[in-house]
Structure formats: C-alpha cells, structure tokens
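One letter stands for each residue in the lines below.
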Amino acid sequence: MEAILGDMHIVGDSIKGDSDEIASSREELIKVFYKATGRTDIQIGELVWMGVWRPNIRMVNEFGKGRVFVAGDACHVHSPTGGQGMNSGIQDSFNLAWKLTLVHKGLAPRSVLDSYSQERLRVIASTLNMTTELFKKELSGKSKERTHLTRGYELRMFSINYRDSPLVIDEKYPERDLEVVDAYRSGDDGTVQGGDRAPDAPCLTHLGQNTSTSLFDIFKPNHHTALVFSGSGSGASVTQVLETLREYSSDSSSSFRAPSEVVEVVTVVDTERYAHKNYVIEPQDGPTVVIVRPDGYIGALVTSGSKGI
C-alpha cells in the first residue's frame, strides 16, 4: 500500500524513545511510525520537514505597565487543546481597545487602563488551567475510549465574566461574594450580573413601526449602550432616568464618535419578552438600567434610578 501523508503527528508519552532522536532523521521517524501503528505495509515517501513540538504553558503577571500593553500570544501561550487561543487574544484586544480610546480622548481617567490586567488576568489563568488539564487527558486517553475528548460548555466562552472588576457596578446583587467568582463559569449560574456577557434578545419591535430588531443589532463596538427596563416604576421615574442618560449621550458614552455627535436613542417594545427573560427582569422590579460596554459586557446594573447612573 502506498499513501501520501500530508501531515503526520506522533503524540503521546507512550511512545518510547527520545523525541529529538525520533525527529533526527527520516529513518528514525519511520521506525517509530511502524512500531506505533504496526502498519509496515504503508510506504512513506519524501519527507519535506519535521520537528519537535512541545506545549508551552506560561503567561505574564501584568498585561500592561506604563505606556506598554500586551495582548494575545504576546502575554499568554498554552496548549491548543480546547481551542481557546484565538478567541482569548481577540477578547484581550477588545477589552483594551475601547478603554484606550476613551482615555486618549480625555473621556475617562487613565486608571481605567488598570482594569485591563485586572479583568483579563483571571480569565487567562483559568484558560491555562483548563487547556493544560485537557492536554493531560488527551495524552492519557486510550484510543478506543472517547471520554477524554469531551469538552465542557464553558469552552464556548459564553460564561466568561468580569464580576470582580473594579470597573463594574452592580446594585441588583450588592451582597454577591466576589471571592468565589469563577472567571470562566460564574456567568452560567442562572443570573445576569454586572460583569457578565450581555445576552441577546430577538423580536424587539420599534415603537410605532412594523420593523423588528435584536439587542445584538443595537449593540455596537464603538459606543456604550444603556438598556432601560421601565418595570413597575412610574412614568416620572423612567423619564428622570432618560434625562440623566441624555447628559452623557453626546460624549462619555461614545468611544469612537466625535463629541459633537449624539448617540441614537432607540425605543423598542419587548414583544416576546425575550429581553426581560434573558436579563432576569421580574414584573415587580422597579426601573433597571443595564449599561453594556463596547466589548459586549455589562458594565453596570443600576436599580437606584438616576442617582445610580
């Protein structure tokens, strides 16, 4: 039998021999391949390139200092098992970008940049722990068993949160214990708290129009979004909240717009109640304001009206 192998990976600590010796020549590699597979009928042709890959597991202890910031592979590397690398790097960049913009425009104090390390360090530490554990299971797993290939829901990264961030305000859950926050899993505990990923809500109808939208269509990466749930509050209290928000609409809520531009005010009806359900807003709740950051995370849950804003 003759086969063309585009790529060959020999993985596992069950293979006897020094990895550098195995990769030293075509003959050594073929010897190990035949011994591991028992398929001496397979003929291996030209060897274009080979090398030894070793998993690196390390991260920096600060994501920024002074005028220097690092993100992605520059500040953390880990086993590719679990597929967390690319999205982790993108989230690093997104977390930092909107904060840099606000500080550069003079719309936020420089101390806001300190939250970049404070928010991302715990997330990446969890990433390294999980991917390392998965890699160990991968190596120890038996070929006929598939349990070591099981991936938990948390690897979808929907539950990553910044609940313990000093930049986050939560008046709805003031008694929450931030000492037990799991950066990867706490966002999946059935609640929606400050620092969590802001959920979507479809089937929102524009007031006075026959058109629909969703929260993910409203959220944008270049400005904050304030969601106002009127709840059981009076019309006067809701109006006061809206008036307070308008004071910020022309500058502080906009990350990339010019200060003269006014952020659009959109009024929608939660026709199918998806927004109330996904944000856990109960009928007896008073006016609730949810401030969604440009990176899609909840920066504040305000229940005290205009005073809290």
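Residues numbered from 1 in each chain as written. Predicted model: local features only at pLDDT ≥ 70, side-chain atom pairs only at ≥ 80, totals over all residues. Heavy atoms only, no water.

Visitor: Describe the sheet that holds strand E7 (residues 212-213), with residues and values.
Guide: Pairing within the open sheet is antiparallel, and its three strands lie in the order E7-E6-E9. Whereas interior strands pair on both sides, the edge strands pair on one side only; in this sheet they are E7 and strand E9 (268-270). Bridge count between strand E6 (residues 204-206) and E7: two bridges; the pairing is antiparallel. By the bridge assignment for E7, Leu204 is matched with Thr213. (Pairing = 2+ DSSP bridges. Helix = DSSP H or I, 4+ residues; strand = E, 2+ residues; numbered from the N terminus.)

Visitor: Residues and numbers for the pattern of salt bridges, please.
Guide: For side chains of opposite charge, pairing can occur when their charged atoms come near one another. Under the defined criterion, the tally for this structure stands at twelve salt bridges. A salt bridge links Arg293 to Glu119; the nearest nitrogen and oxygen atoms lie 2.9 Å apart. Here the residue Arg293 occupies a position in the loop between strand E10 (288-292) and strand E11 (298-302), and Glu119 occupies one in helix H4 (residues 114-140), the gap between them amounting to 174 residues. For Arg293, a relative accessible area of 4% puts it in the buried group. (Salt bridge = Lys/Arg side-chain N within 4 Å of Asp/Glu carboxyl O. Buried < 20%, exposed > 50% of the residue type's maximum accessible area, 1.4 Å probe, protein only.)

Visitor: Go over the packing of aromatic side chains with me, naming the residues and quoting the values.
Guide: Here the structure, examined in full by the defined rule, presents seven aromatic pairs. For the pair Phe63 and Tyr116, a centre-to-centre distance of 5.5 Å together with 70° between the ring planes defines the contact as edge-to-face. In this pair, Phe63 is assigned in the loop between strand E1 (58-59) and strand E2 (64-65) and Tyr116 in helix H4, connecting sequence segments 53 residues apart. Neither Phe63 nor Tyr116 differs from the other in exposure class; each is buried. Every member of this aromatic cluster is reached through a ring pair, and the members are Phe63, Phe69 and Tyr116. (Phe/Tyr/Trp six-rings, centres within 6.5 Å; stacked < 30°, edge-to-face > 60°.)

Visitor: Break down the nonpolar core for me, with residues and values.
Guide: Grouped together as the largest cluster of nonpolar side chains are 15 residues, with contacts concentrated most on Leu215, Phe219, Leu227, Phe229, Tyr279, Val290 and Ile298. Counting residues per element, the ones that place at least two in this core are strand E8 (225-229), E10 and E11. Among all residues touching Ile298, those that are not within four sequence positions of it are Val168, Val192, Gln193, Gly194, Gly195, Asp196, Ala198, Tyr279, Val290 and Ile291. Counting twelve residues, the second-largest nonpolar core is a separate cluster that includes Phe63, Leu96, Trp98 and Val103. (Core = buried A, V, L, I, M, F, W, Y, C linked by side-chain atoms within 4.5 Å. Contact = heavy atoms within 4.5 Å.)

Visitor: Describe the packing of helix H3 (residues 85-104) against H4, with residues and values.
Guide: Closest axis-to-axis distance for the H3/H4 pair is 10 Å, and the angle between their directions is 170°. Between H3 and H4, the crossing angle belongs to the class labelled roughly antiparallel. Contact residues: Ser88, Gln91, Asp92, Asn95, Leu96 and Lys99 in H3; Ser115, Tyr116, Glu119, Arg120, Ile124 and Thr127 in H4. In the contact of H3 with H4, the residues fall into three nonpolar, five polar and four charged. (Axes fitted to C-alpha atoms, helices over the stretch in contact; angles between N-to-C directions. Parallel < 35°, antiparallel > 145°, perpendicular 65-115°, else oblique. Nonpolar A, V, L, I, M, F, W, Y, C, P; charged D, E, K, R; others polar.)

Visitor: So what's going on with the side chain of Thr225? Which residues, and what values?
Guide: Mapped onto the fold, Thr225 is located in strand E8. When neighbours within four sequence positions are excluded, Thr225 is seen to be in contact with Ile218, Phe219, Lys220, Val290, Ile291 and Val292.

Visitor: Break down helix H6 (residues 235-246) for me, citing the residues and quoting the values.
Guide: In a regular helix each residue adds 1.5 Å, so twelve residues correspond to 16 Å; H6 covers 17 Å between its end C-alpha atoms and thus fits that length. Taken residue by residue, H6 has Val238, Val241, Thr244 and Leu245 as its buried positions. For H6, the arc enclosing every buried residue in end-on projection is 120°, short of the 170-degree limit, so these residues lie on one face. In H6, the exposed residues that point more than 90 degrees away from the buried face are Gly235 and Ala236. Buried-residue contacts for H6 involve E8 and E10. (Expected span 1.5 Å × (residues − 1). Arc of directions from axis to C-beta.)

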